[in-house]
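# What the coordinates show
As a plain string of letters, each chain reads:
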Amino acid sequence: MPAATGYAQAMGHHGELVQGLFEDTGGFLKRALVSLPCPELRAKASFQPDDSNRIITLQPDRHKALLAAELTVAAFGPQGMGGALSLESNIPIGRGMGSSTADVLASILAVADCLQITVCAEQVMHIAVCAETACDSTLFQQQAVLFAHREGLVVESFRKALPAMEVISIDTTPGATVDTLEFEPARYATAEIEAFRPIRSLLRAAINAADARMLGRAATASAHINQRFLPKPRLDEIEAIGARSGAVGVQVAHSGTVVGLMFDKRDADAPRNIGQALDMLRRSAFEPTVFHN
Amino acid sequence: MSKNQQMRKLEDFENPRIVPLQGTLFAASFFLMKLLPARFMLERATERGDLKPGATICESSSGTFGLALAMLAVQQHHPLLLVSDWALDRHLQRRLTELGARVSIVEVPAASGGLQRARLERLSAYLDDLPGSYWPCQYDNPDNPLSYGKVAALLIDRVGPVDCLVGPVGSGGSMCGIARNLRALFPELHTVGVDTPNSVLFGQPSGRINLSGLGGNILPANVDHTQFDEIHWLTPAEAYEATHDLHRRHGLFMGPTSGAAFRAAGWWADRNPGKTVIALMPDEGHRYVDTVYDPQWLASIPGWPNSVRDAPVTVSTPADPMPGWSRFEWNRRTLKAVLGPGDASI
């Protein structure tokens with residue numbers, strides 16, 4: 001039985017750059033997304049093993065993370081292994097920022113750390129989807145992926161990581177929360193399904209060329225389609241401010257409340273543009289914050 | 001194999017080849033463009049239950065849409081009935097017949113709407129007679145433009161962001177479908193529609209059209225006028241001359257609507273250096289060896305080769321008489337906004 005406590009972290013995100021329905025290599029349509037990782041937002045898990053054959057957590061509201069730890073122990077741990085799972089996180093809840101998934105991923109990885117094993121991404125994703133029916137793509141840092149979040153499968157792996165961006169975060173409905181898993185998946189119309197094809201092409205071109213400007217356009221188109229399903233109030237006002245302040249696009253949490261104004265980090269004017277956008281947003285009674293991706 | 005894959009045996013034929021012409025002007029050259037909307041319309045109709053296995057497909061066509069349907073009908077085991085007119089090329093008719101299509105020829109034009117209207121009237125009678133028959137109706141079927149999202153994706157894959165899209169307009173499917181999908185990503189995209197004199201699509205008074213595949217005497221619902229920034233009208237002689245020029249200068253052996261698109265696209269590209277321009281070229285030249293590519297036949301065309309303009313004349317209204325290549329700044333308006341409320345033809 002391992003004796004040392006395992007530790008791990010997982011990242012939150014600021015919604016998605018793109019989310020929709022995309023053909024896989026077999027010609028089947030899959031729900032898939034590209035998360036916008038947010039390294040400042042993290043869940044940290046620790047797992048202290050014992051031989052009680054039972055896993056406990058002092059945070060009873062984290063039952064999905066607990067289930068993920070149980071599944072990981074069942075898959076890789078020795079007979080009779082139990083332990084105590086503990087979590088802390090600075091990821092806002094119910095905003096579509098991946099708080100629950102980050103708890104789940106950190107828990108799986110903390111158990112793996114405790115067992116001193118490396119679990120491949122496919123297995124981590126499989127356990128995560130079993131524990132909470134969906135997962136995001138924050139685990140894929142070196143290469144961006146188009147990720148089938150309800151199946152835990154990579155639909156397409158791009159050649160590079162996401163280009164560097166600065167994002168102004170705006171919570172469009174600070175009072176309300178969205179239960180990501182209760183929220184019914186979007187029923188896309190044929191026109192929308194076909195529109196996702198060029199969006200995917202531009203997403204691929206943008207990532208492979210490390211071009212934040214093109215990425216902004218793909219994200220904006222995806223955000224517009226999403227307005228029919230989980231509309232973000234005043235999105236048009238945020239876009240107008242972005243257009244006047246050199247933003248490259250908007251992105252949204254497709255199952256949450258946040259909107260991001262995207263800026264190209266390589267643009268020398270970015271800091272000034274962001275300052276200008278923050279002023280305009282505050283004057284329009286938004287409460288913006290900045291994060292780096 | 002997915003159901004979609006089973007229906008896409010001819011998929012490699014429906015995608016365009018991208019050919020650089022000059023600078024940042026590219027041809028999107030199709031073997032037979034209509035294979036894409038035809039396949040897509042049949043797929044969606046099958047999904048919805050509108051087209052049952054083995055049911056008869058009926059359509060009015062004297063051109064490439066009929067051929068595309070005939071090729072797909074063979075693959076998917078549907079009987080096909082095509083209503084056409086005397087303008088149907090004899091080689092095409094032979095080919096359609098070999099593909100098992102039943103071809104019904106209309107001889108007499110309708111009092112208004114010409115042969116196109118007369119064909120639709122006969123088609124309607126067949127649809128009534130054949131229970132379970134399915135009419136794709138490329139002019140009004142919203143799946144026609146929707147099918148072109150795939151082409152928009154391919155253009156981005158091959159050339160990146162697109163600044164200007166130029167193409168012939170017949171049903172409106174390709175130009176409006178691609179423009180809408182590209183504009184969701186590049187809102188400033190400039191579009192140039194190519195039409196021909198006597199076609200009602202962009203406000204010319206209706207008259208006899210001698211250039212198949214371009215324009216029409218009936219306004220299709222799939223023509224979304226608000227997608228167009230600029231319209232060019234080329235006479236048949238001008239389109240044929242441009243088709244030969246495309247062949248001689250770039251080696252592309254295409255049909256006359258491709259030539260017309262090439263001419264308008266080249267003109268726009270010359271005036272907008274550095275902009276990425278795509279010219280849609282809907283079909284290859286083989287169907288036209290006895291006509292457009294035959295010097296004797298060409299000699300019988302009014303205005304060949306002397307009345308060909310080498311630049312468009314900008315007109316103040318699309319209702320003006322157009323003896324040669326003309327151009328109008330449409331500015332994404334509706335037909336009504338352009339022609340004014342008093343026009344009776346709308």
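Numbers given to residues run from 1 along each chain, matching the order in which its sequence is written. Naming scheme: in the order in which they are written, chains are lettered from A and ligands are numbered from 1. Restriction of local features to residues with pLDDT of at least 70 applies here, the model being predicted, together with a cutoff of 80 or more for giving and counting side-chain atom pairs; totals for whole chains, interfaces and linings are based on all residues.

## Description of the overall build of chain A
Per the convention used, a helix needs a DSSP run of H or I reaching at least four residues, while a strand needs a run of E reaching at least two, with both numbered from the N terminus. Secondary structure summary: chain A contains 7 helices and 10 strands in total. Computed over its C-alpha atoms, the radius of gyration of chain A comes to 19 Å, within 12% of the 19 Å expected for a compact globule of 293 residues. Throughout, radius of gyration means the C-alpha value; the globule benchmark is 2.2 Å times the number of residues raised to the power 0.38.

## Things to note about the environment of A279 of chain B
Residue and element names in this part refer to chain B. Tracing the backbone shows A279 in strand 9 (residues 277-281). Residue burial here comes from a neighbour count, namely the number of other C-beta atoms, placed from the backbone, that lie within 10 Å of the residue's own C-beta, with 20 or more meaning buried, 12 or fewer meaning exposed, and in between meaning partly exposed. The class for A279 is buried, based on 30 C-beta atoms found within 10 Å. Through-space distance from the C-alpha of A279 to that of A110 is 34 Å; in sequence the pair is 169 residues apart. Residues are treated as contacting if the C-beta atoms built from their backbones sit within 7 Å of each other. Apart from residues no more than four positions distant in its own chain, A279 is found in contact with L25, A27, A28, V166, G167, A261, F262 and A265.

## Thoughts on the domain arrangement of chain A
Residues and elements named next belong to chain A. Source of the domain bounds: an automatic or database domain assignment. Examined at the domain level, chain A breaks down into domain 1 (6-155) and domain 2 (162-292). For domain 1 and domain 2, the distance between their C-alpha centroids amounts to 24 Å. If you look at the interface, domain 1 gives 27 residues, while domain 2 gives 33 residues. Among the elements of the structure, strand 1 (6-23) and strand 2 (29-50) are those that each provide at least two residues to the side of domain 1 that touches domain 2. In terms of residue count, strand 1 provides more of the side of domain 1 that touches domain 2 than any other element does, 9 residues in total. Among the residues forming the side of domain 1 that touches domain 2, the class breakdown is 14 nonpolar, 8 polar and 5 charged. Only Asp, Glu, Lys and Arg are considered charged in this grouping, and only Ala, Val, Leu, Ile, Met, Phe, Trp, Tyr, Cys and Pro are considered nonpolar; every other residue, Gly among them, is considered polar.

## Here's the deal with the sheet that holds strand 2 (residues 25-29) of chain B
All names here are of chain B. A sheet is described by the order of its strands in space; here 8 strands give the open sequence 1-2-9-6-7-8-11-10, paired in mixed fashion. The open sheet has two edge strands with one neighbour each: strand 1 (17-22) and strand 10 (313-314). Strands pair, by our definition, only if DSSP identifies at least two bridges between them. Pairing analysis gives 5 bridges linking strand 6 (residues 164-168) to strand 7 (residues 190-195), with the strands arranged parallel. Looking across to strand 7, one finds that P168 is bridged to V194.

## Concerning the environment of R249 of chain B
With respect to the helices, strands and loops of the structure, R249 of chain B is situated in helix 10 (residues 236-250). Remark: the alpha-carbon pair of R249 of chain B and L21 of chain B, spanning 228 residues in sequence, is separated by 8.9 Å.

## Observations concerning the sheet that holds strand 4 (residues 80-85) of chain B
Residues and elements named next belong to chain B. Reading across from one edge, 3-4-5 is the order of the 3 strands in this open sheet, with parallel pairing throughout. Edge positions in the sheet fall to strand 3 (57-60) and strand 5 (102-106), since each of these pairs with one other strand and no more. Averaged over all neighbouring strand pairs, the angle between strand axes comes to 20°, with direction disregarded. The sheet contact formed by strand 3 and strand 4 spans 4 bridges and is parallel. Here an axis means a line fitted to C-alpha atoms, over the contact stretch when the element is a helix, while the angle between two N-to-C directions is reported on a 0 to 180 degree scale.

## A closer look at the packing of helix 10 of chain B against helix 11 (residues 256-271) of chain B
All names here are of chain B. Contact geometry for helix 10 and helix 11: axes closest at 7 Å, N-to-C directions at 85°. Here helix 10 is positioned roughly perpendicular relative to helix 11, judged by the angle of their axes. Of the residues in helix 11, those in contact with E238, A239, Y240, A242, T243 and L246 of helix 10 are P256, S258, G259, A260, F262 and R263. Counted by class, the contact of helix 10 with helix 11 contains 7 nonpolar, 3 polar and 2 charged residues. In what follows, roughly perpendicular refers to angles from 65 to 115 degrees, roughly parallel to angles under 35, roughly antiparallel to angles over 145, and oblique to any angle outside these ranges.

## Some remarks on the domain arrangement of chain B
Residue and element names in this part refer to chain B. Once the domains are mapped, chain B shows domain 1 (3-33 + 142-332) and domain 2 (52-129). Averaged C-alpha coordinates put domain 1 and domain 2 at centres separated by 24 Å. The interface of domain 1 with domain 2 comprises 12 residues on the first partner and 17 residues on the second. In terms of residue class, the side of domain 1 that touches domain 2 is built from 5 nonpolar, 4 polar and 3 charged.

## Some words on the interface of chain A and chain B
Each side of the interface is counted separately: chain A has 19 residues, and chain B has 19 residues. Going through the elements one at a time, helix 4 (190-208) and helix 5 (212-226) of chain A are the ones with two or more residues in the side of chain A that touches chain B. Per-element accounting of the side of chain A that touches chain B gives the leading share, 11 residues, to helix 4 of chain A. When its residues are assigned to classes, the side of chain A that touches chain B shows 10 nonpolar, 5 polar and 4 charged.

## A look at the pairing of strand 8 (residues 249-252) of chain A
Residues and elements named next belong to chain A. Taking every second residue as pointing to the same face, both faces of strand 8 are buried, with G249 and Q251 on one and V250 and V252 on the other. Across 4 bridges, strand 8 lies against strand 9 (residues 258-264) in antiparallel orientation. Bridge pairing in strand 9 links G249 to M262. Where strand 8 hands over to strand 9, the hairpin turn is made up of 5 residues, counted between the paired strands.

## Here we look at the nonpolar core
Any nonpolar core is a set of buried residues, restricted to Ala, Val, Leu, Ile, Met, Phe, Trp, Tyr and Cys, that join up through C-beta atoms within 7 Å. Counting residues in hydrophobic clusters, the biggest one holds 184 residues, and the most contacted among them are A218 of chain A together with V166 and A279 of chain B. The element that contributes the greatest number of residues to this core is helix 2 (residues 99-115) of chain A, accounting for 11 residues.

## Some details on helix 11 of chain B
Residues lying three or four places apart along an α-helix face the same way, a consequence of the helix completing one turn every 3.6 residues. Each residue after the first adds 1.5 Å to the expected span of a helix. Look at helix 11 of chain B: 23 Å from first C-alpha to last across 16 residues, which is about the 22 Å you get at 1.5 Å a residue. Summarising burial for helix 11 of chain B: 13 of the 16 residues are buried, a large majority.

## Thoughts on helix 4 of chain A
Its 19 residues place the ends of helix 4 of chain A 28 Å apart at the C-alpha level, agreeing with the 27 Å of an ideal helix rising 1.5 Å per residue. For helix 4 of chain A, the buried fraction is high: 15 of the 19 residues fall into the buried class.

## Quick look at the packing of helix 4 of chain A against helix 5 of chain A
Residues and elements named next belong to chain A. Interaxial distance between helix 4 and helix 5 falls to 8 Å at its minimum, and their mutual angle equals 160°. Looking at the two axes, helix 4 sits roughly antiparallel to helix 5. The interaxial crossing formed by helix 4 with helix 5 has left-handed handedness. Across the interface between the two elements, E192, A195, I199, L202, L203, A205, A206 and I207 of helix 4 pack against M214, L215, R217, A218, A221, S222 and I225 of helix 5. In the contact of helix 4 with helix 5, the residues fall into 12 nonpolar, 1 polar and 2 charged. Definitions for this section: a left-handed crossing has its near helix turned counterclockwise from the far helix by less than a right angle. A right-handed crossing has that turn clockwise.

## Examining the environment of V119 of chain A
Structurally, the position occupied by V119 of chain A is in the loop between helix 2 and helix 3 (121-132). You can call V119 of chain A partly exposed: it has 19 C-beta atoms within 10 Å.

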